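# Observations on the model geometry
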Amino acid sequence: MSNLNGLNELELIKLAKTSNCQETLTNLADNIFITVRRCVAKNESITTPIVNKLAIDSASNVSYWATRHNNYSAKRVVESNDPCVVCSIDELQYHNTCSSCISVTSR
């Protein structure tokens, strides 16, 4: 699926989590939504070039997870104590959980 125009954030997240099409995953790795890129970084089907690119993403939410992927081949280490970066809540549930998350509301 190369045409991603018209898909909303949740549809893109679902696609990023489940796709094994490298063309689609490459396109999603450049998506404006951090949540979408983070899902690509967690997708077991991504290739080393995609995960290595995501490992240097400007968003810690993305690079943190990319550097933990089995196909990651560079030596960059991304650490974080930010609860939003290391959060294990499913990205599809963010809109339901972030506003009530004790780690976020206690900041």
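For clarity, every value in this text was computed on a predicted model and none was experimentally measured.

Conventions used here
- Residues numbered from 1 in each chain as written.
- Predicted model: local features only at pLDDT ≥ 70, side-chain atom pairs only at ≥ 80, totals over all residues.
- Heavy atoms only, no water.
- Helix = DSSP H or I, 4+ residues; strand = E, 2+ residues; numbered from the N terminus.
- Polar contact = N/O pair within 3.5 Å; in protein donor to acceptor, adjacent residues only side chain to side chain.
- Contact = heavy atoms within 4.5 Å.
- Buried < 20%, exposed > 50% of the residue type's maximum accessible area, 1.4 Å probe, protein only.
- Arc of directions from axis to C-beta.
- Salt bridge = Lys/Arg side-chain N within 4 Å of Asp/Glu carboxyl O.
- Core = buried A, V, L, I, M, F, W, Y, C linked by side-chain atoms within 4.5 Å.
- Phe/Tyr/Trp six-rings, centres within 6.5 Å; stacked < 30°, edge-to-face > 60°.
- Lys NZ or Arg CZ within 6 Å of the ring centre and 35° of its normal.
- Axes fitted to C-alpha atoms, helices over the stretch in contact; angles between N-to-C directions.
- Parallel < 35°, antiparallel > 145°, perpendicular 65-115°, else oblique.
- Nonpolar A, V, L, I, M, F, W, Y, C, P; charged D, E, K, R; others polar.

### A few points about the side chain of threonine 67
If you trace the backbone, threonine 67 turns up in the loop between α5 (60–66) and α6 (83–86). Among the polar contacts listed, one links the side chain of threonine 67 to the backbone oxygen of tyrosine 64, at a separation of 2.9 Å. Once residues within four sequence positions are removed from consideration, threonine 67 is found in contact with Ala55, Tyr72, Arg76 and Val78.

### Thoughts on helix α1 (residues 9–18)
Every buried residue of α1 is listed here: Leu12, Ile13, Leu15 and Ala16. Considered in projection along α1, the buried side chains sweep an arc of 165 degrees and stay on one side of the axis. For α1, the N-terminal capping position is held by asparagine 8, with its side-chain oxygen 3.0 Å away from the main-chain nitrogen of leucine 10.

### Considerations on the pattern of salt bridges
Inspection of every chain in the model, using the stated rule, returns six salt bridges. With its nearest N and O atoms 2.1 Å apart, the salt bridge here joins aspartate 30 to lysine 53. Within this pair, whereas aspartate 30 is found in the loop between α2 (22–28) and α3 (34–42), its partner lysine 53 is found in helix α4 (residues 48–54), the two being separated by 23 residues in sequence. We classify aspartate 30 as partly exposed; its relative accessible area is 49%. The partly exposed category is assigned to lysine 53, whose relative accessible area is 41%. In this structure, arginine 37 and aspartate 57 form a salt bridge, with 2.7 Å as the shortest nitrogen-oxygen distance. Remark: aspartate 57 occurs in the loop between α4 and α5 and arginine 37 occurs in helix α3; sequence separation between them is 20 residues. Neither arginine 37 nor aspartate 57 differs from the other in exposure class; each is buried.

### Some points on the nonpolar core
Membership of the largest hydrophobic core comes to 22 residues, with the highest contact counts inside it found for Leu28, Val40, Ile50 and Leu54. Of all elements in the fold, only α1, α2, α3, α4 and α5 reach the threshold of two or more residues within this core. Other than its neighbours up to four places away in sequence, leucine 54 contacts Ala29, Arg37, Val40, Ala41, Val62, Ser63 and Ala66.

### Quick word on the packing of aromatic side chains
Counted under the stated rule, the structure contains one aromatic pair. Aromatic pair tyrosine 64 and tryptophan 65: ring centres 5.2 Å apart, planes at 85 degrees, arrangement edge-to-face. Geometry around tyrosine 64 places arginine 68 over its ring, the cationic atom sitting 3.6 Å from the centre.

### A closer look at the packing of α1 against α3
In contact at an axis separation of 8 Å, α1 and α3 are set at 10 degrees when each is read in the N-to-C sense. In terms of orientation, α1 and α3 fall into the roughly parallel class. Residues Glu9, Leu12, Ile13, Ala16 and Lys17 of α1 form the contact with α3, whose participating residues are Thr35, Val36, Cys39 and Val40. Residue classes in the contact of α1 with α3 are distributed as six nonpolar, one polar and two charged.

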